Amino acid sequence: MLEQYRICQTTGLRVFQSTENLIKANAVVAVIFLAIGGLFGLSIALTRWKAVHLLPADWFYLALTAHGLDVLVVWIVFFEIAVLYFASSVILGCRIATPRWAWAAFALMLIGALVTNVAVLMGNSSVMFTSYVPLKADPSFYVGIILFAVGTLIACFVFFGTLVIAKQEKTYEGSVPLVTFGATVAAIIAVFTLASGAIILIPTLLWSMGYISHIDTLMYRTVWWGFGHSSQQINVAAHISIWYLISAVVLGAKPLSEKVSRFAFLLYVLFLQLASAHHLLVDPGISSTWKVFNTSYAIYLAVLGSMIHGLTVPGQIEAAQRKKGYNNGMFEWLRKAPWGNPAFSGMFISLILFGFLGGISGVVMGVEQINLIIHNTIYVPGHFHATVVAGTTLAFMAVTYLLVPLIFRRALILPGWAKAQPYLFGLGVAGISVFMMGAGTLGVPRRHWDISQADAILPYDFPGAANLMMGLNGMSAILAALGGFMFIVVVVGSILFGKKIDASTEVPIAPPEDARVVGEYGNEDHPAIPGTIALVGVFFVSFILYYFVNWKYLAEVWPLR
Amino acid sequence: MSEENHQEAADSNESERIPFMQQLLDNPFLLLFLGVTIPTIFYIIWGVMEIVTIPIAK
Ligand code: HEM
Ligand SMILES: [Cu+2]
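Computed from a predicted model, the values in this text were never measured in an experiment. (Residues numbered from 1 in each chain as written. Chains lettered and ligands numbered in written order. Predicted model: local features only at pLDDT ≥ 70, side-chain atom pairs only at ≥ 80, totals over all residues. Heavy atoms only, no water.)

(A) Structural view of the overall build of chain A. The number of helices and strands found in chain A is 16 helices and two strands. The C-alpha atoms of chain A give 23 Å as radius of gyration, which agrees with the globular expectation for 561 residues (24 Å, within 12%). Dimensions of chain A, computed from the C-alpha atoms along their principal axes, are close to 70 × 55 × 45 Å. Counting only residues that meet the buried cut, chain A has 60% of its 561 residues in that class. Just so you have it, chain A exposes about 21700 Å², and 69% of that area is on carbon and sulfur atoms. When the 30 positive and 25 negative side-chain charges of chain A are each reduced to one mean point, those points stand 4 Å apart. (Helix = DSSP H or I, 4+ residues; strand = E, 2+ residues; numbered from the N terminus. Rg over C-alpha atoms; globule rule 2.2 N^0.38 Å. Buried < 20%, exposed > 50% of the residue type's maximum accessible area, 1.4 Å probe, protein only. Areas by Shrake-Rupley, 256 points an atom, 1.4 Å probe, with all protein chains shown as cover. Lys, Arg positive; Asp, Glu negative; His and termini not counted. Charge placed at Lys NZ, Arg CZ, Asp CG, Glu CD.)

(B) A look at the overall build of chain B. Along its length, chain B carries three helices and zero strands. Sorting the 58 residues of chain B into buried and exposed places 22% on the buried side. Taken as a whole, chain B presents about 4600 Å² of accessible surface, with 63% of it coming from carbon and sulfur.

(C) Inspection of the interface of chain A and chain B at higher detail. Counting residues at the interface gives 36 residues for chain A and 25 residues for chain B. Across the chain A to chain B interface the summed buried area is about 2600 Å²; carbon plus sulfur atoms make up 80%. Put simply, chain A and chain B have zero salt bridges between them. Joining chain A to chain B, the criterion identifies seven residue pairs in polar contact (both at pLDDT 80 or more). Listed by contribution, the elements that provide at least two residues to the side of chain A that touches chain B are helix H4 (139-168), helix H5 (178-208), helix H6 (217-251), helix H7 (258-271) and helix H8 (288-297) of chain A. Among the elements that line the side of chain A that touches chain B, the one with the most residues is H6(A), at seven residues. (Contact = heavy atoms within 4.5 Å. Buried area = accessible area lost by both parts, 1.4 Å probe. Salt bridge = Lys/Arg side-chain N within 4 Å of Asp/Glu carboxyl O. Polar contact = N/O pair within 3.5 Å; in protein donor to acceptor, adjacent residues only side chain to side chain.)

(D) Layout of the coordination of the iron atom of ligand 1. All names here are of chain A. The protein atoms donating to the iron atom of ligand 1 are His67 (NE2) and His385 (NE2), with metal-donor distances spanning 2.0 Å. The site at the iron atom of ligand 1 holds six donor atoms, and with the angles between them running 85 to 180 degrees, its shape is octahedral. Of this pair, His67 sits in helix H2 (residues 57-92) while His385 sits in helix H13 (residues 379-408), placing them 318 residues apart in sequence. Across the pair, exposure class does not vary: His67 and His385 are buried alike. (Donors = N, O, S within 2.8 Å, 3.2 Å for Na, K, Ca; no water. Tetrahedral: all angles 85-135°; square planar, octahedral: opposite > 155°, others 65-115°.)

(E) Layout of unusual backbone geometry. All names here are of chain A. The linkage connecting Val133 with the following residue, Pro134, adopts the cis geometry, with an omega of 5 degrees. For Pro134, the position within the fold is in the loop between helix H3 (99-121) and H4. Unusually for a residue other than glycine, Arg447 sits at a positive phi of about 50 degrees. Tracing the backbone through its elements, the reader meets Arg447 in the loop between helix H14 (415-441) and helix H15 (464-497).

(F) Focus on the site of ligand 1. All names here are of chain A. Close to ligand 1 lie 24 residues, the nearest being Arg48, His67, His385, Arg446 and Arg447. The side chain of Arg48 places a nitrogen or oxygen atom 2.8 Å from an oxygen atom of ligand 1. Between Arg446 and ligand 1, the recorded distance is 2.9 Å, taken from a side-chain N or O atom to an oxygen atom. Those elements giving two or more residues to the shell around ligand 1 turn out to be helix H1 (17-48), H2, H13 and H15. Counted by class, the shell around ligand 1 contains 17 nonpolar, four polar and three charged residues. (Near = heavy atom within 4 Å. Nonpolar A, V, L, I, M, F, W, Y, C, P; charged D, E, K, R; others polar.)

(G) Broad picture of the packing of aromatic side chains. Residues and elements named next belong to chain A. Evaluated as defined, the whole model comprises 33 aromatic pairs over all chains. Ring centres 6.0 Å apart and planes at 65 degrees place the aromatic pair Trp75 and Phe396 in the edge-to-face group. Taken together, the residues span a long stretch of sequence, with Trp75 in helix H2 and Phe396 in helix H13 at a distance of 321 residues. The burial state of Trp75 is the same as that of Phe396; both residues are buried. Centroid distance Phe181 to Phe265: 6.2 Å. Interplanar angle 70 degrees. Geometry classified as edge-to-face. On the criterion of sequence distance, the pair formed by Phe181 in helix H5 and Phe265 in helix H7 is long-range, its members being 84 residues apart. One aromatic cluster is present, built from ring pairs that chain together Phe78, Trp103, Phe106 and Phe148. (Phe/Tyr/Trp six-rings, centres within 6.5 Å; stacked < 30°, edge-to-face > 60°.)

(H) Inspection of the side chain of His229(A) at higher detail. Residue and element names in this part refer to chain A. Mapping His229 onto the fold places it in helix H6. Note on His229: relative accessible area 6%, which makes it buried. If we skip the residues at most four places from it in the chain, His229 touches Leu272, Gln273, Ala275, Ser276, His278 and His279.

(I) Inspection of the pattern of salt bridges at higher detail. Residues and elements named next belong to chain A. Summed over all chains, the structure comprises ten salt bridges over all chains. As a salt-bridge pair, Glu169 and Arg95 come within 3.1 Å of each other at their nearest N and O atoms. Within this pair, whereas Glu169 is found in the loop between H4 and H5, its partner Arg95 is found in the loop between H2 and H3, the two being separated by 74 residues in sequence. In this structure, Glu332 and Lys336 form a salt bridge, with 3.0 Å as the shortest nitrogen-oxygen distance. On the accessibility criterion, Glu332 (7% relative accessible area) is buried. On the accessibility criterion, Lys336 (43% relative accessible area) is partly exposed. Connected through shared salt-bridge partners, Arg6, Glu20, Lys24 and Arg409 make up one network.

(J) The arrangement of the coordination of the copper ion (ligand 2) in detail. Residues and elements named next belong to chain A. At this site the copper ion (ligand 2) is bound by His229 (ND1), His278 (NE2) and His279 (NE2), with donor distances of 1.8 to 2.1 Å. For the copper ion (ligand 2), the donor residues sit on a single chain with the sequence spacing H-x48-H-H. Of this pair, His229 sits in helix H6 while His278 sits in the loop between H7 and H8, and the two are 49 residues apart along the sequence. We classify His278 as partly exposed; its relative accessible area is 23%.

(K) Focus on the environment of Arg446(A). All names here are of chain A. With respect to the secondary-structure elements, Arg446 resides in the loop between H14 and H15. When its relative accessible area of 17% is taken as the criterion, Arg446 is described as buried. In the structure, Arg446 is positioned 64 residues away from Gly382 in sequence and 9.6 Å away in space, judged by C-alpha atoms. Sequence-distant contacts of Arg446, that is, excluding residues within four places in its chain, are made with Arg48, Asn376, Thr377, Ile378, Val380, Pro381 and Phe384.

(L) A look at the packing of helix H11 (residues 342-365) of chain A against helix H16 (residues 530-557) of chain A. All names here are of chain A. Remark: H11 packs on H16, axes separated minimally by 10 Å, with the N-to-C direction vectors making an angle of 40 degrees. With respect to each other, H11 and H16 are oriented oblique. Pair H11 / H16 crosses with right-handed handedness. Along its contact with H11, which presents Gly355, Phe356, Ile360, Ser361, Val363 and Val364, the element H16 presents Val538, Phe539, Ser542, Phe543, Tyr546, Tyr547 and Asn550. A class-by-class count of the residues in the contact of H11 with H16 yields nine nonpolar, four polar and no charged. (Axes fitted to C-alpha atoms, helices over the stretch in contact; angles between N-to-C directions. Parallel < 35°, antiparallel > 145°, perpendicular 65-115°, else oblique. Left-handed = near helix turned anticlockwise from the far one by under 90°.)

(M) Spotlight on the confidence of the model for chain A. Averaged over all residues, the pLDDT of chain A equals 93, while 97% of them reach at least 70. Highest mean pLDDT in chain A belongs to H3(A) (98); lowest belongs to strand S1 (residues 5-7) of chain A (86). (pLDDT = per-residue confidence, 0-100.)

Listed below in structure tokens is the structure:
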């Protein structure tokens, strides 16, 4: 039986009907949970702002649990599944493997997400998304997460199956395009992630039901972070693939070197997941050898991978722009980039914030000694809002501005809002990241309801600067929430009410002729990228300075006298 | 061997030899195998071994 497909007018890609429906369903659910989870985020940030202190304690921990789950797990993973189907079926131009299983995966994930959300909202599962034992949640909390994980695993295998079909039916020649390769890396990391999750959460479920009497806390934390951390590396692989995708579709940019970019992704496959150990850097009972091997020696190879992408993504944008004639000076290519196209601006802001805020802070705090300064302070959420919100979430938002015309075939409503959205959201998220990091450096703990410590036996006052930063964090949260709200309005509004696009309509934000490079293998010839090299230089100087500042700071915390 | 012989040898080979790295990168299931075993050994198994060998307090 031959399945129906259409040829996309702008990219020349084949879009099969069943793939299109699956992408739509997964993306829509993702966006709904982003809206819900984002509101919880705002309520937490307002609670941590001393002057506002919005929620009472029990609601704070409930909201914190719901926030972590709905944005970090539900939003991101549903969206990633949409990306996997896009990167396999659409980019390779082949039908999706076993659409029935893909729908079963979707149903399991949705049911799982709902079950866990209900458990949290009932109020007896405020265990944070990490659910560290011996904190005990309602059994349905774990059941929901397990169903969600099983669904995700099925979806990953639908992706691998689709790769096999494309190869058998010869819908492409030679190697898969780079974006598909990056998505494959994300799916590979997902398999390890989900296996770790199953190994630890199934016994934890049995424990919460009373069938198992004891789960060792350190064992739990070790295996759980194989799940919790690795899932962040799925995000990294996915959003870097999206950077490549957007620069190909919006600018017709080809990779500077397929070999180098793929090698960087290979470093992720081999090493990135080991970084899970950075969550255990202060846990007693595990040797420094294990900690340092997993968080330093091996992980720096994966960091090398990220730095390669940090060079090649802006590099391929520069090369494509210079080919279009933007050749004056170092930075004309950047000034004349399509800053009014939210897909591009969102992608580029994601790249910059992820590298400068998330990347630098991540590597520095992953050093065993330096970690002591900030462990379990609000510096940690500061860091990961730079990675997973400014990096991943903003990249996913950016690509949604392409998916709406290409997959939903609707024109964007409120183009002015769409244009401004990445800037507002980017600014807000940069604010929450920087201010939480700043407050954390001054010792403000994470996951704490009351910064005034009113019910503590020994009173403690944080320095005024810390309170100031938590206030600025609250204001930035309002800005980020506003940016998130605009995104939801534009996307949901466009899907429901946007002008239908068919062959005759003109897409307002149209990808160029050469967008089809996204589905091809091949390097840019003779690229010259002086501007990118200069930016990379600035990055390295910032990196080195920040690294040494932290050692100096550590030396002051524990002076040698 | 002269240049020409080389050329002949390459031509007579049905398909040109694919470099090792390319074969690795083109094989998602081999990558999947590596991506699961490496962290399982270095992170999970090694970590769990250290935890189970912690002596139990009396
Ligand atoms: C409007 C946007 C957002 C705001 C204002 C916000 C704010 C916050 C704040 C204030 C915290 C609590 C820090 C603490 O007390 O420990 C937090 C935690 C967290 N956020 Fe967000 N956030 C936003 C979006 C996101 C997104 C999009 C993600 C994921 C993609 C995310 C992931 C997390 C996670 C995983 C935690 C940790 C929860 C825990 O400690 O259990 N946030 N966020
Ligand atoms: Cu981590």
